[in-house]
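# Survey of secondary and tertiary structure
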Number of protein chains: 2
Amino acid sequence: MRLSTKGEYASRAMLELSLHHEEKPLHIRDISKAQDIPQRFLEQILLQLKRAGYLRSRKGPDGGYYLSRPPAEINVAEVIRVMDGPLAPIDCVSVTAHEVCPHESSCGLRGLWKEVRDAVAQIMEKATFEELAERTRAARSGRRRGS
Amino acid sequence: MRLSTKGEYASRAMLELSLHHEEKPLHIRDISKAQDIPQRFLEQILLQLKRAGYLRSRKGPDGGYYLSRPPAEINVAEVIRVMDGPLAPIDCVSVTAHEVCPHESSCGLRGLWKEVRDAVAQIMEKATFEELAERTRAARSGRRRGS
DNA sequence: CAATAGTCGACTAACTCAATCGACTTAGTG
DNA sequence: CACTAAGTCGATTGAGTTAGTCGACTATTG
Ligand code: FES
Ligand code: FES
């Protein structure tokens, strides 16, 4: 039940971009440093997110990436799906594949996998980057106060 | 967020064994046929489950595998953990690993991953093989009636 | 035009996964 | 006791995926 590094990096990058939303575009190098992601790899990831319509970019000096929609309108599930494909733990409960299992119609496990998929989807869909950014900011200032 | 084939096969095999609990030991060949799992691969899986204490086996003719505890006392989470390791989608929320992420203490994502892990764990832990076998039997007889 | 920054496709090394094999051990049958 | 049916175990393979790299290119700014 692991999430790929790509999915993780993508989420972290999107979070970073959300934190700086409405400022100047952020360039790859800075995201890479802030989140400790290999720059060349991050490049690919951002490109993929751009193609999927979540990011826009500007070339040249002072260029960089920025969100194409406000963070409140983007949730984690979408991002993960772009990077890793369907959230379903197994093909027989995926919307795009299934029909692989032998006794599919009478298999007691199928309902369980479905539950898992739905739970995961529900949690990730309700998590917007707006909210995550907010939580992050709160944690940072709380920490500063606390220490 | 995929489950490995090994995890899937292991669950299916355990389900099959639960369906025939209290009968003669089931041999690998039969499980393999019933669930359409490559026999040689299944061998490894059963062995691993045996080492983890969920199965016992008897050699010789009329040998085979059987559950070491009643199906009601085994849940899916345990089995998956044996085959695939921790359920956590990412290391920073796993009990046995973590501390990889850069701003772990102030990262808004961490809470989310935790939610996911807990949800998945909860669903899989409450699913015992007793119940799954029951559902399977119900589906089979229901189907027979229905068609 | 020089410098900076994103774009794109190809590439690779490492690793994991699914599966296979061969040789061995144990248990029951006659 | 020999034979045979079954599980045991470690090693190995081949395919595929993943994480990460590279080089050449294009667009923008000053
Ligand atoms: S139907 Fe897919 S595991 Fe049973
Ligand atoms: S702490 Fe692990 S993703 Fe942020």
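Read on for an overview of the structure. (Residues numbered from 1 in each chain as written. Chains lettered and ligands numbered in written order. Predicted model: local features only at pLDDT ≥ 70, side-chain atom pairs only at ≥ 80, totals over all residues. Heavy atoms only, no water.)

## With respect to the interface of chain B and chain A
Where the parts come together, the accessible area they lose is often given as the size of the interface. The partner chain A presents 43 residues to the 43 residues of chain B that form the contact. Of the roughly 4000 Å² buried at the junction of chain B and chain A (both faces included), carbon and sulfur atoms supply 64%. Where chain B touches chain A, the interface holds 4 salt bridges. Among the salt bridges present, the one from A:Lys126 reaches B:Glu115, with a minimum N-O distance of 3.0 Å. The tally of links between chain B and chain A comes to 15 residue pairs in polar contact (both at pLDDT 80 or more). Within the residue set of the side of chain B that touches chain A, elements represented by two or more residues are helix H1 (5-19), helix H2 (28-35), helix H4 (76-84), helix H5 (108-126) and helix H6 (129-146) of chain B. Considering every element that reaches the side of chain B that touches chain A, the biggest residue donor is H5(B), with 12 residues. Split by residue class, the side of chain B that touches chain A holds 25 nonpolar, 8 polar and 10 charged. (Contact = heavy atoms within 4.5 Å. Buried area = accessible area lost by both parts, 1.4 Å probe. Salt bridge = Lys/Arg side-chain N within 4 Å of Asp/Glu carboxyl O. Polar contact = N/O pair within 3.5 Å; in protein donor to acceptor, adjacent residues only side chain to side chain. Helix = DSSP H or I, 4+ residues; strand = E, 2+ residues; numbered from the N terminus. Nonpolar A, V, L, I, M, F, W, Y, C, P; charged D, E, K, R; others polar.)

## A few points about the protein's contact with DNA strand D
In the neighbourhood of DNA strand D, 26 residues make up the surrounding shell, with A:Thr5, A:Arg40, A:Gln44, B:Lys50 and B:Tyr65 lying closest. Counting only the atoms of DNA strand D within 4 Å of the protein, the fraction contributed by sugar and phosphate is 60%. With respect to DNA strand D, the side chain of A:Arg40 contributes an N or O atom lying 2.5 Å from a base oxygen. Elements represented by at least two residues in the surface near DNA strand D include exactly helix H1 (5-19) and helix H3 (39-51) of chain A together with H2, helix H3 (39-51), strand E1 (55-58) and strand E2 (64-67) of chain B. Broken down by element, the residue count for the surface near DNA strand D peaks at 5 residues, all from H3(B). (Near = heavy atom within 4 Å.)

## Here we look at the pattern of salt bridges
Residue and element names in this part refer to chain B. A complete count under the given rule lists 22 salt bridges over all chains for this structure. Residues Glu43 and Arg40 are paired through a salt bridge, measuring 3.2 Å at the closest nitrogen-oxygen approach. With a gap of 3 residues between them, Glu43 and Arg40 both fall in helix H3, about one helical turn apart. Classification of Glu43 by relative accessible area gives partly exposed; the value is 32%. According to the relative accessible area criterion, Arg40 is exposed, its value standing at 65%. (Buried < 20%, exposed > 50% of the residue type's maximum accessible area, 1.4 Å probe, protein only.)

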